Amino acid sequence: MARSSLAVTLLSAALLAAPGLAPGPARANDLYAIYPSTETLRQVQLAALDCGRENSAATCDRARKLADPLMDHPLLSGFCKDALWGVVQIAVTEQSNSLSRRDGIDAAADRVVSSCRPVSKPVAKTDGAGGPGGPDSTGGGPPGASGGSRPSGSGFGFGSGGR
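Note that the structure is a prediction, hence the values are computed from the model and not measured. All residue numbers refer to positions counted from 1 along the written sequence of the respective chain. Side-chain atom pairs in this predicted model are given and counted only at pLDDT of 80 or more, local residue features only at pLDDT of at least 70, and totals for whole chains, interfaces and linings cover all residues. Hydrogens and water are ignored here; the side-chain numbers use all heavy atoms of the structure.

**Looking at the state of the cysteines**
Note the following rule: Disulfides are defined as cysteine sulfur pairs within 2.5 Å. Summary of the burial criterion: residues with accessible area below 20% of their type's maximum are buried, those above 50% are exposed, and those between are partly exposed, where the area comes from a 1.4 Å probe applied to protein chains only. Where helices and strands are cited, they refer to DSSP runs of H or I of at least four residues and of E of at least two residues respectively, numbered from the N terminus.
For the coordinates displayed, the defined rule picks out 2 disulfides. What pairs with Cys51 in a disulfide is Cys60, and their sulfur atoms sit 2.0 Å apart. Its S-S torsion of approximately 80° makes the covalent link between Cys51 and Cys60 right-handed. Cys60 shares its class with Cys51; the two are buried. The residue that forms a disulfide with Cys80 is Cys116, at a sulfur-sulfur distance of 1.8 Å. Across the S-S bond of Cys80 and Cys116 the torsion is about 95°, and the bridge reads as right-handed. Linking Cys80 in helix α5 (residues 78–90) with Cys116 in the segment after α6 (99–115), this pair joins segments that are 36 residues apart in sequence. Under the relative-accessibility criterion, Cys116 is labelled buried at 0%.

Below is the structure:
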């Protein structure tokens, strides 16, 4: 009996020590995660701007409370999480509401919206027609046209063939 409880204890310790092995809350929700709306990101930005302007505990706490849960979002990029971390770290009250304090908070708030935009992926072409110089470019078209291979006689006089 003692041997099996030791095995269970060691297995649980191993799962806790190796975060990739145990399904955590973020891993369980990865499949169902929805990218945060533009309105949500805008609320974080506006709350941070309010904190910079008013320098009150209520506004700064609100900015941090809106930004902090997004730090664990599985779909947000590292740049976005850096911007959110900047809001969490810099949105605090101080004795004087100096211009440098407000500028720092405003810059962090602006980075949230600009860094957290959803990235649209380019649509792959299925007909095999790549753009000029792409992997599927065949060099078709009239000789000397852009995007294709040139005959040996064209260019700047180099390799002019039989002339």
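Picking up after the structure, the text goes on.
**Let's talk about helix α3 (residues 38–54)**
As a reminder, the rule being used: Expected span, for any helix, means 1.5 Å times one less than how many residues it has. It is the directions from the helix axis to the C-beta atoms whose arc is reported.
For α3, which comprises 17 residues, the first-to-last C-alpha distance of 24 Å matches the rise-based estimate of 24 Å (1.5 Å per residue) to within 8%. Among all positions in α3, only Leu41, Val44, Gln45, Ala47, Ala48, Cys51 and Gly52 are buried. Buried residues in α3, looked at end-on, bunch into an arc of 160°, giving them a common side. Away from the buried face of α3 by more than 90 degrees, exposed residues Thr38, Glu39 and Arg53 are located.

**Re the nonpolar core**
Definition in use: In this text, buried Ala, Val, Leu, Ile, Met, Phe, Trp, Tyr and Cys residues form a nonpolar core when linked through side-chain atoms within 4.5 Å. Contact between two residues is taken to exist if any of their heavy atoms lie within 4.5 Å; hydrogens are not considered.
If you look at the biggest cluster of nonpolar residues, it comprises 22 residues, and the most contacted ones within it are Leu84, Val87 and Val112. Mapped onto this core, the elements with two or more residues apiece are α3, α4 (57–67), α5 and α6. Ignoring any residue separated from it by four or fewer positions in sequence, one finds Leu84 in contact with Val44, Ala67, Leu70, Met71, Leu76 and Val112.

**Digging into unusual backbone geometry**
In this model, Asn55 sits at a positive phi of 55°, which is unusual for a non-glycine residue. Along the chain, Asn55 falls in the loop between α3 and α4.

**Some points on the confidence of the model for the chain**
In plain terms, the rule: Values of pLDDT, which run from 0 to 100, indicate the predictor's confidence residue by residue.
Looking at the chain as a whole, the pLDDT averages 75, with 53% of positions reaching at least 70. Ranking the helices and strands of the chain by mean pLDDT puts α4 first, with 95, and helix α2 (residues 25–28) last, with 50.

**Considerations on the pattern of salt bridges**
Defined as follows: Counted as salt bridges are all cases of a side-chain nitrogen of Lys or Arg within 4 Å of a carboxyl oxygen of Asp or Glu.
All told, the structure shown has 2 salt bridges when counted by the stated rule. Linking Arg53 and Asp50 is a salt bridge whose minimum nitrogen-to-oxygen distance equals 2.3 Å. Highlighted residues: Arg53 and Asp50, both in helix α3, separated by 3 residues, approximately one helical turn. Judged by its relative accessible area of 51%, Arg53 falls in the exposed class. Assessed through its relative accessible area of 24%, Asp50 is described here as partly exposed. Among the salt bridges present, the one from Arg64 reaches Asp61, with a minimum N-O distance of 2.2 Å. With Arg64 and Asp61 both in helix α4 and 3 residues apart, the pair spans about one turn of that helix.

**A few points about the environment of Val87**
With respect to the secondary-structure elements, Val87 resides in helix α5. On the basis of relative accessibility, which here comes to 1%, the residue Val87 falls in the buried class. Linking Val87 and Asp110, residues 23 residues apart in sequence, is a C-alpha distance of 9.8 Å. Residues in contact with Val87, not counting those within four places in the same chain, are Ala48, Ala63, Arg64, Ala67, Ala108, Ala109 and Val112.

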